[in-house]
Amino acid sequence: ENMNTVLDDNRTLCLPNGERIKLNGKTMRMLFEVEDCAVASPATVSRLGVVWNPPEALGWRPPVVTWVNKYSPAGMSDELKDALLALFDECVPKTHHWAVRNTHEAIPSMQNNLIRSLCLLFQSLFTAEKGANLDAPDILDVMKKQFMFALVWSLGGNVDGNEGKEKFSEFIRDNFNIARFPNSGVVYDYFFDAESREFKPWEEKTRVFEYNREMKFSDILVPTKDTTRYSFVMASNLEVMRGSLYIGDTGTGKSVIMADGLWNSTEELSLVPFTINFSAQTSAGRTQEQLETRFEKRRKGVIGAPINKKLVCFIDDVNMPAREEYGAQPPVELLRLCTDTLEYYRLAGGIWDKKKLWNDVVDTVFVGACGPPGGGRNIVTARFFRFFSMLNISPPSQAVLKVIFSSILDGHLSTFQPDIKLLGKATVDSSIEIYEKISAEMLPTPAKSHYTFNLRDLSKVFQGILSLGEPQCGSTSIFARLWAHECMRVFQDRLIDAADKEQFAKWVQETLKRRFSYDCDFEETFVKKPILFGDYLKMGVTGEDRIYEAIPDHDKLPKLMDAYLDDYNNASSKAMDLVFFMDAIEHISRLARIIRSPRGNAMLVGLGGSGKQSLTRLSAFMAEFKCFQIELARGYGVNEFHEDLKSLLMQAGAENKQTVFLFNDTQIIKESFLEDINNLLNAGEVPDLFAADEMNKIVELVRPLAKAAGKLEIKDIIIQHFVQLVRENLHIVLAFSPVGDAFRNRLRMFPSLVNCCTIDWFTPW
């Protein structure tokens, strides 16, 4: 629209500051390449000649023929090339035609993108190291099998849901006899084994899990066929500098699988991975700053990875940035500029620096993860997603969930009494059953927008169960009550009214009776004397000596809380005057449980004056953690907030001190504050918070801590250790009011507020 005067005969560019620049009408012509005319007015269109270029005009075959001639392995005979093209002719049109009509994609893909994904995955697999020796007598057979594997993971990689994948698998088996997959399971369950030259199940490639008591819960990753196969496809794509995009609902393990795959391939493929988290407030300027801190200058006009390395940028929640007036997402457009080669104009993507000079970006690959559009997530232009091989990660099946949680729980219970060990299976089955029940029956509504349950919540139940040591679990009844307590803390505490809470308690009571043979009176167990576990019964005990245990005697708790409050008032300049009735004690117990676990963050939701901040200060004091809160003053803005965050992260990371950061919604002067908190919750860092000299100071402070943890004394690894310490030592407690639309909008714009926090809903006293 702003170009209309340039397109006129007088060729005048009118700038926002009122300046008018006359351009040469004889030498200047303008060419627009657009997806559609959605934001072009009739005034603009009438000044242009419009040429519609339908995708069918090119078709999929010419790019494939070019690719076969240009990128096939050196020494590949013409007969083999013809056989490869024949495979494309036989399989591609039929498969794509069927998939478009019979399967659903959470994010629609373009035909040319699927074909390119197929070509590049096949290119990565069809090498001598992976069994494709061109002189071997069975080379044609090997080529067919690797082609079928690549076909499944490109044209079928983006199929949504387990049901869709089963239909696609059935189609492949019924229609193609080129290379037969084994009959059991689905075609996604197999890989091509170079030694035996046969399809083998992914389980043969999956690492064996060994439970280690010393390992932090957040570091535990149970390898499954899902983590193995998605990591393999991503690594294969990286070998040919192709990015992968993982698509799936929250909690399906996209980020974990991506991080694990990158970490395991770091040495083999010489990767330098780093992460950028997107949210609704992410700007292009901020994204560019994050990229430029990682790029190294190779020579004039060329930046990218260190020499002989590949820089891999993982963008989490890539579809979160808000759209601008004309529908584009500026951070996404910036990444597209870095990736887009525009074959004939320049050979590499690039970026304009602050001096407005162009720099080519080399040896850099982008990989991403995102949820399906909706609920704050936007539709991203296909012009950007065409650079990725799209892989849809379905939620793990019940069988996979049971394998994951049984492996962890059986390892933990190995030293417990035999009768408690036997409850391992019942615990896993019950937890999955309760999770599936609440997900299906308690659905989000405008008033209950936080009723979104995902697998992170399920893992928090097991994290709580692992907190109880063997000496504190003397009987099966204590273990059954522990399971009920952890389910109620994770799921019931976020429910907003008495009816929902009572319904959930009845589910728990029924499950206790059916699976744990633990019969209890509803009134007695869930109303009058609620189940409580905590580590605060012994005053003055710190660190490892604080023991998580059952709290059988509720009558002593008010006196214990009074004693803690007296100590707090003696130590603090601002005294608090609190009365401890059972509701308040329960909220303190919940907060104590959240902040005692590494990476434990809480979101307290209730009307102003319901005690959220007072109880948080007392809970932090009981655990002997420092409680940090920003102080608003006149002129307080983004710079002051960043200075406060610096001192907070220094305390938690460089000084290695357990810290509680209490932040309430009246302190949100600018929404960008929540952008920073979203990043802290998700990644443990705020991009570009520290200047280069401050970062060097942090490296020196953290070096001894990293050395003690057995880490290499390399700058990047020390910074990584600093971020890890921040994530483990910093506990963010958000105190929000549910009144008005602001709360609901914030949850939609900043997904980590729900995904990375345990929610405690304060009902009226």
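Residues numbered from 1 in each chain as written. Predicted model: local features only at pLDDT ≥ 70, side-chain atom pairs only at ≥ 80, totals over all residues. Heavy atoms only, no water.

A.B. asks: Tell me about the overall build of the protein chain, and please be specific about residues and values.
C.D. replies: For the protein chain, the helix and strand inventory stands at 29 helices and 20 strands. Relative to a compact globule of 765 residues, whose C-alpha radius of gyration would be 27 Å, the protein chain shows 29 Å and is just as compact. Its C-alpha atoms give the protein chain principal-axis dimensions of roughly 85 × 70 × 50 Å. Counting every position in the protein chain, which comprises 765 residues, the buried fraction comes to 51%. The contacts in the protein chain between residues at least 6 apart in sequence include a share of 72% that link residues at least 24 apart. Working note: accessible area of the protein chain is about 36000 Å², and carbon and sulfur atoms make up 52% of it. (Helix = DSSP H or I, 4+ residues; strand = E, 2+ residues; numbered from the N terminus. Rg over C-alpha atoms; globule rule 2.2 N^0.38 Å. Buried < 20%, exposed > 50% of the residue type's maximum accessible area, 1.4 Å probe, protein only. Contact = heavy atoms within 4.5 Å. Areas by Shrake-Rupley, 256 points an atom, 1.4 Å probe, with all protein chains shown as cover.)

A.B. asks: Got a sec to walk through the sheet that holds strand 10 (residues 350-352)? Specific residues and values, please.
C.D. replies: The sheet built from four strands is open, its strands ordered 7-8-11-10 with mixed pairing. Looking at the sheet topology across the chains shown, the edges are occupied by strand 7 (296-299) and strand 10. Taking each pair of neighbouring strands and ignoring which way they run, the sheet shows an average axis angle of 35 degrees. Of the strand pairs in this sheet, strand 10 and strand 11 (residues 358-362) are connected by three bridges, and their pairing is antiparallel. Bridge pairing links W352 to W358 in strand 11. Along the sheet, helix 11 (residues 284-294) makes contact with strand 7, strand 8 (302-304) and strand 10, crossing strand 10 at roughly 115 degrees. Across the face of the sheet, helix 12 (residues 330-339) comes into contact with strand 10 and strand 11 while running at roughly 125 degrees to strand 10. (Pairing = 2+ DSSP bridges. Axes fitted to C-alpha atoms, helices over the stretch in contact; angles between N-to-C directions.)

A.B. asks: Tell me about the pairing of strand 7, and please be specific about residues and values.
C.D. replies: Examined bridge by bridge, strand 7 and strand 8 share three bridges and lie antiparallel to one another. Note on strand 8: the bridge partner recorded for R299 is V302. Hairpin connection from strand 7 to strand 8: two residues lie between these consecutive antiparallel strands, with G301 at a positive phi of about 80 degrees.

A.B. asks: So what about the nonpolar core? Which residues, and what values?
C.D. replies: M603 and F661 are the most contacted members of the largest nonpolar core, which has 101 residues in total. Here this core gets eight residues from one element, more than from any other, and that element is helix 18 (residues 476-490). In contact with M603, not counting residues within four places along its chain, are L734, F736, F743, L747, L753, V754, C757, T758, I759 and D760. Counting residues in each nonpolar core, the second largest holds 68 residues, with L114, Y190, L262 and L269 among its members. (Core = buried A, V, L, I, M, F, W, Y, C linked by side-chain atoms within 4.5 Å.)

A.B. asks: Describe the packing of aromatic side chains, listing the residues and the values that go with them.
C.D. replies: Here the structure, examined in full by the defined rule, presents 40 aromatic pairs. Ring geometry for F88 against F147: centres 5.1 Å apart, planes inclined by 70 degrees, an arrangement best described as edge-to-face. Of this pair, F88 sits in helix 5 (residues 78-102) while F147 sits in helix 7 (residues 139-154), placing them 59 residues apart in sequence. Taken together, the ring pairs in this structure connect W98, F149, W153, F168, F171, F176, Y188, F191, W202, Y230, F232 and Y246 into an aromatic cluster. (Phe/Tyr/Trp six-rings, centres within 6.5 Å; stacked < 30°, edge-to-face > 60°.)

A.B. asks: Which residues make up a nonpolar patch on the surface, and what are the values?
C.D. replies: A contiguous nonpolar patch, built from M3, M30, F32 and V34 and spanning about 330 Å² of accessible area, is present on the exposed surface. Inspection of the secondary structure assignment puts F32 in the loop between strand 2 (20-22) and helix 2 (42-45). Given a relative accessible area of 40%, F32 falls into the partly exposed group. (Patch = residues over 30% accessible without salt bridge, like charges linked within 9 Å, V, L, I, M, F, W, Y side chains within 5 Å. Salt bridge = Lys/Arg side-chain N within 4 Å of Asp/Glu carboxyl O.)

A.B. asks: Now, about the pattern of salt bridges: what can you tell me, with residues and values included?
C.D. replies: Summed over the entire model, instances satisfying the criterion amount to 43 salt bridges. Measuring nitrogen to oxygen at the nearest pair gives 3.1 Å for the salt bridge that ties R746 to E671. With R746 in helix 28 (residues 742-749) and E671 in the loop between strand 18 (659-664) and helix 25 (672-683), this pair connects stretches of sequence that are 75 residues apart. Judged by relative accessible area, E671 falls into the partly exposed class, the value being 28%. Across the pair R744 and D741 runs a salt bridge, and its minimum N-O distance is 3.2 Å. Here R744 falls in the partly exposed class, since its relative accessible area comes to 30%. A network of salt bridges, in which partner residues are shared, links K402, K425, D429, E433, E510, R514 and R515.

A.B. asks: I'd like to hear about the side chain of R242, residue by residue, with values.
C.D. replies: Mapping R242 onto the fold places it in the loop between helix 9 (225-239) and strand 5 (243-247). Engagement of the side chain of R242 in a polar contact is seen with the side chain of S389, the distance being 3.2 Å. (Polar contact = N/O pair within 3.5 Å; in protein donor to acceptor, adjacent residues only side chain to side chain.)

A.B. asks: How would you explain unusual backbone geometry if you had to name every residue and give the values?
C.D. replies: Despite not being glycine, R11 shows a phi value in the positive range, around 50 degrees. Here R11 is to be found in the loop between helix 1 (4-7) and strand 1 (12-14). We note that N656 has phi near 55 degrees; this positive angle belongs to a residue other than glycine. Mapped onto the secondary structure, N656 falls in the loop between helix 24 (638-654) and strand 18.

A.B. asks: Mind laying out the environment of G156, listing which residues take part and the relevant values?
C.D. replies: Mapped onto the elements, G156 comes out in the loop between helix 7 and helix 8 (161-175). Considered as a pair, G156 and T95 are 61 residues apart in the sequence and their alpha carbons are 8.8 Å apart. In contact with G156, not counting residues within four places along its chain, are L151, F168 and Y188.

A.B. asks: Please provide a residue-by-residue account of the side chain of N158, values included.
C.D. replies: Assignment of secondary structure puts N158 in the loop between helix 7 and helix 8. In this structure the side chain of N158 is engaged in a polar contact, spanning 2.8 Å, whose partner is the backbone oxygen of I107. Not counting the four nearest positions on each side in its chain, N158 is found in contact with H104, E105, I107, S109, I247, M390 and N392.

A.B. asks: Residues and numbers for the sheet that holds strand 12 (residues 364-370), please.
C.D. replies: If you trace the five strands from one edge of the open sheet to the other, you get 6-9-12-5-13, paired in parallel fashion. Two strands close off the open sheet at either side, each with one partner strand: strand 6 (271-277) and strand 13 (388-392). Across this sheet, the average inter-strand angle for adjacent strands is 20 degrees, counted without regard to direction. With seven bridges joining them, strand 6 and strand 9 (residues 310-316) adopt parallel strand pairing. Directly across from V272, in strand 9, lies its bridge partner L311. Across the sheet, helix 11 touches strand 6, strand 9 and strand 12, and the angle it forms with strand 6 is around 165 degrees.

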